[in-house]
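Descriptive structure summary
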Amino acid sequence: MERKLGNNPSLTVRHEIPTAAAPDAFLRIAVLDRVPEIVVEQPAGNVIAPAGGTIDFGQRLIGDPVEARAITLRNTGQADLAGITASITEGGEEFALLSAPPQFISPGRTESFWIGFSPQWGGLRKGTLVITSNDDNESTYEISLRGIVGGTVDILDFEEDGWRYFVTPIGLGDSEIAAGDPPHEEYGSENWKHPDFDDSGWPAGRAMLGYGRITSRTINTTIGFGGIISNRYPTSYFRKEIQIEGADSVSQLLLQLIRDDGAIVYLNGHEIGRSNVPAGNLSYDDLAQANIGASEGDIVFLDYIPPPGLVREGTNILAVEVHQNSRGSEDLGIDLRLQAISFAEDQ
């Protein structure tokens, strides 16, 4: 016969009944292993301690709302889990406790508390979550925290030198002749948008490029328009070599475009944005949309999520076609700034 002794769950009395085979009865007091046992899960059901693991907050941007994670504590032992504490070290400025851990957990039960990640700097951010309890054989768990924070990387600024430009009375092909999946059948290194196109014969200059007067802007390089004021070339072409490091970490491109009157922008032959021109295929003779008037010098903000492989490590080529809104337009202008959102760990 066996029963617990008083209210102590760790003490059990075993009374052996005498038999013919074992005539001597005796009393045995056994101390059983009734202790708490803490298991940490994130998310619930996924054991990260004591198995070992990391809480990964993924990719975030500076200024994003706090990203929260629930930490589940499970008591797999046979006594109350108590004396529970949680703290964050090595990253406490960005990782924080959003709620306190439970004071105790009964055997077989789970309770949760919350931690959060609020990024302040770019790159790989790290922290450590420390959990203690009355689980004597595993009194302290140290769990790694991590998150990669995207930062803005400057690639090309306004008024930079080294732009190539080309003016022509016949055009260099339609806008649909470009890279894609699949690329247009006529697209190749002979096309002006292609990164391997030879533009060494094109004149070069500093942005802003164009002619006439652009509100609140300075034209640093004047280009031709055909010489006939009432019949100017409707489309002009521009290329700029740029350098990008950490191409694999680029998740988004940010363009600030100044155009008069309308423009289509390409990166390595792939269209990444257009402004003040109709949708669909445009030919050399197609015009921009209505005159933008006093806002011609304003910055237009565009963003683009590049497909895998579009952004190259090292040299990349921006190409821009600028369309006038009429052949009699008195001015033309183009300049742009390009930035990237990068999730590189070593920003």
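Since the model is a prediction, treat every value here as computed from it, not as a measurement.

About the cut-offs
- Residues numbered from 1 in each chain as written.
- Predicted model: local features only at pLDDT ≥ 70, side-chain atom pairs only at ≥ 80, totals over all residues.
- Heavy atoms only, no water.
- Pairing = 2+ DSSP bridges.
- Helix = DSSP H or I, 4+ residues; strand = E, 2+ residues; numbered from the N terminus.
- Axes fitted to C-alpha atoms, helices over the stretch in contact; angles between N-to-C directions.
- pLDDT = per-residue confidence, 0-100.
- Contact = heavy atoms within 4.5 Å.
- Core = buried A, V, L, I, M, F, W, Y, C linked by side-chain atoms within 4.5 Å.
- Buried < 20%, exposed > 50% of the residue type's maximum accessible area, 1.4 Å probe, protein only.
- Phe/Tyr/Trp six-rings, centres within 6.5 Å; stacked < 30°, edge-to-face > 60°.
- Polar contact = N/O pair within 3.5 Å; in protein donor to acceptor, adjacent residues only side chain to side chain.

**With respect to the sheet that holds strand β5 (residues 47-49)**
Whenever strands of a sheet pair, they do so through backbone hydrogen bonds, lying parallel or antiparallel. If you trace the 5 strands from one edge of the open sheet to the other, you get β5-β4-β7-β12-β10, paired in antiparallel fashion. Here the strands that pair on one side only, and so sit at the sheet edges, are β5 and β10 (95-97). Going from strand to strand, the sheet's axes swing by 35° on average, the running direction of each strand aside. Sheet topology places strand β7 (residues 67-75) next to strand β12 (residues 110-117); 8 bridges connect them, and they run antiparallel. In the strand pairing of β12, Glu67 is matched with Phe117.

**Describing the sheet that holds strand β15 (residues 163-167)**
Taken together, 6 strands build an open sheet; the order of strands is β16-β15-β19-β24-β21-β22 and the sheet is antiparallel. Each having just a single partner strand, β16 (204-205) and β22 (270-275) make up the two edges of the open sheet. The sheet contact formed by β15 and strand β19 (residues 235-244) spans 4 bridges and is antiparallel. By the bridge assignment, Arg164 is partnered in β19 with Arg239.

**Focus: the confidence of the model for the protein chain**
For the protein chain, mean pLDDT is 89; residues scoring 70 or higher make up 88% of the total. For the stretch residues 4-13, pLDDT sits under 50, and the model shows 23 contacts to residues farther than four places along the chain or on other chains.

**Thoughts on the nonpolar core**
Within the largest apolar cluster, 32 residues are counted, with the highest numbers of intra-cluster contacts made by Phe238, Ile272, Leu318, Val320, Leu336 and Leu338. By size, the runner-up hydrophobic cluster in this structure holds 23 residues, among which are Ile48, Ile84, Ile131 and Leu145.

**Here's the deal with the packing of aromatic side chains**
Within this structure, the stated rule accounts for 8 aromatic pairs. Note on Phe95 and Phe117: the rings are 4.5 Å apart at their centroids and 15° apart in plane angle, and the pair reads as stacked. In this pair, Phe95 sits in strand β10 while Phe117 sits in strand β12, placing the two residues 22 residues apart along the sequence. In terms of burial, Phe95 and Phe117 fall into one category: buried. Note on Trp192 and Tyr237: the rings are 4.9 Å apart at their centroids and 70° apart in plane angle, and the pair reads as edge-to-face. Within this pair, whereas Trp192 is found in the loop between β15 and β16, its partner Tyr237 is found in strand β19, the two being separated by 45 residues in sequence.

**Some details on the side chain of Glu41**
Locating Glu41 in the fold gives a position in strand β4 (residues 38-41). Judged by its relative accessible area of 4%, Glu41 is buried. Within the local environment of Glu41, its side chain forms a polar contact with the backbone nitrogen of Gly45, the two atoms lying 2.8 Å apart. Side-chain polar atoms of Glu41 contact the side chain of Arg74, separated by 2.7 Å. In this view, Glu41 contacts Asn46, Val47, Ile48, Ala70, Ile71, Thr72 and Arg74; residues no more than four positions away in its chain are not counted.

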